[in-house]
Amino acid sequence: MSIKKAYFCAGCFWGVEYFFQKEEGVQSVVSGYMGGHIEKPSYEIVCSGFSGHLEAVLVVFDENIISYEKLTKLFFEIHDFTQTNGQGPDIGSQYLSAIFYTDEKQKTIAKDLISKLEEKGYKVATTLYPETTFYKAEDYHQNYYKRYNKIPYCHSKKEIFI
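Fair warning: this is a prediction, and the values are worked out from it, not measured in the lab. (Residues numbered from 1 in each chain as written. Predicted model: local features only at pLDDT ≥ 70, side-chain atom pairs only at ≥ 80, totals over all residues. Heavy atoms only, no water.)

This part is about the UniProt feature "active site" (unreviewed entry) in the chain. In this numbering, the UniProt entry assigns the feature "active site" (unreviewed entry) to Cys 12. Note that Cys 12 resides in the loop between strand 1 (3-10) and helix 1 (13-21). Residue class for Cys 12 comes out buried when judged on its relative accessible area of 6%. With near-sequence residues (within four places) excluded, Cys 12 lies in contact with Glu 55, Asp 90, Tyr 95, Cys 154 and His 155. (UniProt positions renumbered as here; feature names shortened; annotations may be inferred. Helix = DSSP H or I, 4+ residues; strand = E, 2+ residues; numbered from the N terminus. Buried < 20%, exposed > 50% of the residue type's maximum accessible area, 1.4 Å probe, protein only. Contact = heavy atoms within 4.5 Å.)

Have a look at this one:
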C-alpha cells in the first residue's frame, strides 16, 4: 500500500496546510489537534493551553510519488524549528514544533534530519512523539488560505537541505 499518513506540528496549521497542499503526491491535508489529554478538543480549549494539544496537520500522501523524507524536509523549511515558545507571532504551547511519527521508519528519518540540522549548527526545538489520536479541527479551519485566496502570514519557505 503506497498511501501513508504523516503528522506535523509547525505553528498555526493554516500555513502548514497551505505548503503541504502544494506538493505533488499529497492527496489531502487536514488541520487538527494532537498530543493532549482531552477527547475531542475545541479550538478554544486548545488555545487556552489547558488541553496540552498542538495544532497539527494530517498529511495523506502517496509514497510512490513523494517520500516521507521530502515531506519532513519541507516541514523543517516552512517554520522556525528552533523557536521554543511558539511560531513567529503565534506564541503558546499549541504552536510548538513537533512530529508525530507513525512507525519506526518515520522516527528514524525525522531523527536523521534533526541530526543533519544540528550538524549545521541549528539548535532544534522540534520534539518527536509516537502517533496519538488526531482530532480534526473545526470546518472553518480547513483549507483556510485556499478559501480566502490568501498566502500565509506566519510561514514562508526557506531552503535548508541543499
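Quick look at the packing of aromatic side chains now. Taken as a whole and judged by the stated rule, the model has 13 aromatic pairs. Every member of this aromatic cluster is reached through a ring pair, and the members are Phe 8, Phe 20, Tyr 68, Phe 75, Phe 76, Phe 81, Tyr 122 and Phe 161. (Phe/Tyr/Trp six-rings, centres within 6.5 Å; stacked < 30°, edge-to-face > 60°.)

Spatially, the six strands line up as an open sheet ordered 7-6-1-3-2-8, and their pairing is mixed. Either end of the sheet is taken by a strand with one partner, and the two such strands are strand 7 (127-130) and strand 8 (135-136). Here eight bridges tie strand 2 (residues 26-34) to strand 3 (residues 54-62), and the two strands are oriented antiparallel to one another. Along strand 3, the bridge assignment pairs Met 34 with Leu 54. Sitting on the sheet, helix 1 is in contact with strand 1, strand 2 and strand 3, with an inclination near 165 degrees to strand 2. Contacts from helix 4 (residues 104-119) reach strand 1, strand 6 (97-101) and strand 7, with the element oriented near 150 degrees to strand 6. (Pairing = 2+ DSSP bridges. Axes fitted to C-alpha atoms, helices over the stretch in contact; angles between N-to-C directions.)

This brings us to the side chain of Gln 106. Residue position: Gln 106 is located in helix 4. With relative accessibility at 5%, the residue Gln 106 sits in the buried group. Among residues more than four places away in sequence, those in contact with Gln 106 are Lys 5, Ala 6, Tyr 68, Phe 100 and Tyr 101.

Sheet topology note: the strand 6/strand 7 ladder contains four bridges and is parallel. Looking at the pairing, Ala 98 lines up with Thr 127 of strand 7.

An ideal rise of 1.5 Å per residue puts 22 Å on 16 residues; helix 4 measures up with 22 Å between its terminal C-alpha atoms. Within helix 4, the full set of buried residues consists of Gln 106, Ile 109, Ala 110, Leu 113, Ile 114 and Leu 117. The buried residues of helix 4 occupy an angular sector of 135 degrees when projected down its axis, which confines them to one face. Exposed residues lying more than 90 degrees from the buried face of helix 4 are Glu 104, Lys 105 and Glu 119. Packed against the buried residues of helix 4 are strand 1, helix 3 (68-77), strand 6 and strand 7. Capping the start of helix 4, Asp 103 holds a side-chain oxygen 3.2 Å from the backbone nitrogen of Lys 105, two or three residues further along. Looking one or two residues beyond helix 4, the residue adopting positive phi is Gly 121, at roughly 100 degrees. (Expected span 1.5 Å × (residues − 1). Arc of directions from axis to C-beta. Polar contact = N/O pair within 3.5 Å; in protein donor to acceptor, adjacent residues only side chain to side chain.)

What follows concerns the UniProt feature "domain: Peptide methionine sulphoxide reductase MsrA" (unreviewed entry) in the chain. Mapped onto the present numbering, the UniProt feature "domain: Peptide methionine sulphoxide reductase MsrA" (unreviewed entry) falls on residues 5-155. Taken end to end, residues 5-155 is 30% helix and 26% strand, and its first and last C-alpha atoms sit 22 Å apart.

Here the focus is the nonpolar core. Judged by nonpolar contacts, the single largest core of 39 residues is most densely connected at Phe 8, Phe 20, Val 57, Val 59, Phe 61, Leu 71 and Phe 76. Elements that contribute at least two residues to this core include exactly strand 1, helix 1, strand 2, strand 3, helix 3 and helix 4. Per-element tally for this core: the top contributor is helix 1, with six residues. When sequence neighbours within four positions are dropped, the list of residues in contact with Phe 76 reads Phe 81, Ile 99, Leu 113, Ile 114, Leu 117, Val 124, Thr 126, Ile 160 and Phe 161. Core analysis: the second largest hydrophobic core is formed by eleven residues, Val 30, Val 60, Ala 98 and Phe 100 among them. (Core = buried A, V, L, I, M, F, W, Y, C linked by side-chain atoms within 4.5 Å.)

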